[in-house]
Amino acid sequence: MIRIISFGYGHGPAPTADLTFDLRALLRNPFHDPELKHRTGLDQEVYDHVRNTPGAERLAANVVTTARVLAEETGADVTIGWGCTGGRHRSVGLARLSYELLCEAGDEATVEHRDVDLALLPAGVHNREPSKP
């Protein structure tokens, strides 16, 4: 079983997962598009925007492959965590894509969107903090 969870770093700590990915600096943010801002990765327009970001589909495919190998070789359930700022756009899109890839391959998977229904965060928090030495 592979479990997928999307979340927003702005709404609390990352959930416990075997593989956790921070999408805040990697993918274009639909929050900055007025037409997409109030939608979520469950809406087709946002999902397409996230998928069409360079590198998004390859990242999802590679993570799914890694999770499948880990589950097969260890016999354990594997959890993938996808995080963005608010947990409404990028993380939901990648969680959705990962789930679809797993289902297409015939794998058993679940998906949960922890923060998708929470309020939008203010504009100033939509970038990842610089790494500290």
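Relevant structure appears above.
Summary of the structure given here. Here the structure is a predicted model, which means the values were calculated and not measured.

Take the side chain of S6 next. Along the chain, S6 turns up in strand β1 (residues 2-8). Within polar-contact distance, the side chain of S6 engages the side chain of H113 at 2.8 Å. In this structure S6 touches W82, S91, V92, A95, E112, H113, R114 and D115, once residues within four positions along its chain are discounted.

Attention now moves to the sheet that holds strand β2 (residues 19-22). The strand order β2-β3-β1-β4 describes an open sheet built from four strands, whose pairing is parallel. The sheet is open, and its two edges are formed by β2 and β4 (109-113), each paired on a single side. The average undirected angle you get between the axes of adjacent strands in this sheet is 15 degrees. Judged from the four bridges that link them, β2 and strand β3 (residues 78-84) form a sheet pairing that is parallel. Residue pairing in the sheet places F21 in a bridge with W82 of β3. Across the face of the sheet, helix α3 (residues 90-104) comes into contact with β1, β3 and β4 while running at roughly 170 degrees to β1.

Formed by 24 residues in total, the largest nonpolar core has its most connected members in I2, I4, I80, W82 and L94. Among the secondary structure elements, those contributing two or more residues to this core are β1, α1 (44-51), α2 (56-74), β3 and α3. Looking at this core element by element, the count peaks at seven residues for α2. Apart from residues no more than four positions distant in its own chain, I4 is found in contact with I80, W82, A95, S98, Y99, L102, T110, V111 and E112.

Enumeration according to the criterion identifies seven salt bridges in this entry. A salt bridge links E45 to R39; the nearest nitrogen and oxygen atoms lie 3.6 Å apart. According to the relative accessible area criterion, E45 is partly exposed, its value standing at 41%. Between E57 and R51 there is a salt bridge; the shortest N-O distance is 2.8 Å. The exposure class of E57 is partly exposed, given its relative accessible area of 37%. When its relative accessible area of 27% is taken as the criterion, R51 is described as partly exposed.

Here the structure, examined in full by the defined rule, presents two aromatic pairs. With a centroid separation of 4.9 Å and 70 degrees between ring planes, the pair formed by F7 and Y9 is classed as edge-to-face. Look at Y9 and you get partly exposed, because its relative accessible area is 24%. Relative to W82, the ring of F21 lies with its centre 5.2 Å away and its plane at 35 degrees, an arrangement referred to as tilted. Of the two residues, F21 is situated in strand β2 and W82 in strand β3; the sequence distance between them amounts to 61 residues. A cation over an aromatic ring shows up here: R24 above the ring of Y9, its NZ or CZ 4.0 Å from the ring centre. When the ring centre of Y47 is taken as reference, the NZ or CZ atom of R96 above it lies at 3.8 Å.

How each quantity is defined
- Residues numbered from 1 in each chain as written.
- Predicted model: local features only at pLDDT ≥ 70, side-chain atom pairs only at ≥ 80, totals over all residues.
- Heavy atoms only, no water.
- Helix = DSSP H or I, 4+ residues; strand = E, 2+ residues; numbered from the N terminus.
- Polar contact = N/O pair within 3.5 Å; in protein donor to acceptor, adjacent residues only side chain to side chain.
- Contact = heavy atoms within 4.5 Å.
- Pairing = 2+ DSSP bridges.
- Axes fitted to C-alpha atoms, helices over the stretch in contact; angles between N-to-C directions.
- Core = buried A, V, L, I, M, F, W, Y, C linked by side-chain atoms within 4.5 Å.
- Buried < 20%, exposed > 50% of the residue type's maximum accessible area, 1.4 Å probe, protein only.
- Salt bridge = Lys/Arg side-chain N within 4 Å of Asp/Glu carboxyl O.
- Phe/Tyr/Trp six-rings, centres within 6.5 Å; stacked < 30°, edge-to-face > 60°.
- Lys NZ or Arg CZ within 6 Å of the ring centre and 35° of its normal.

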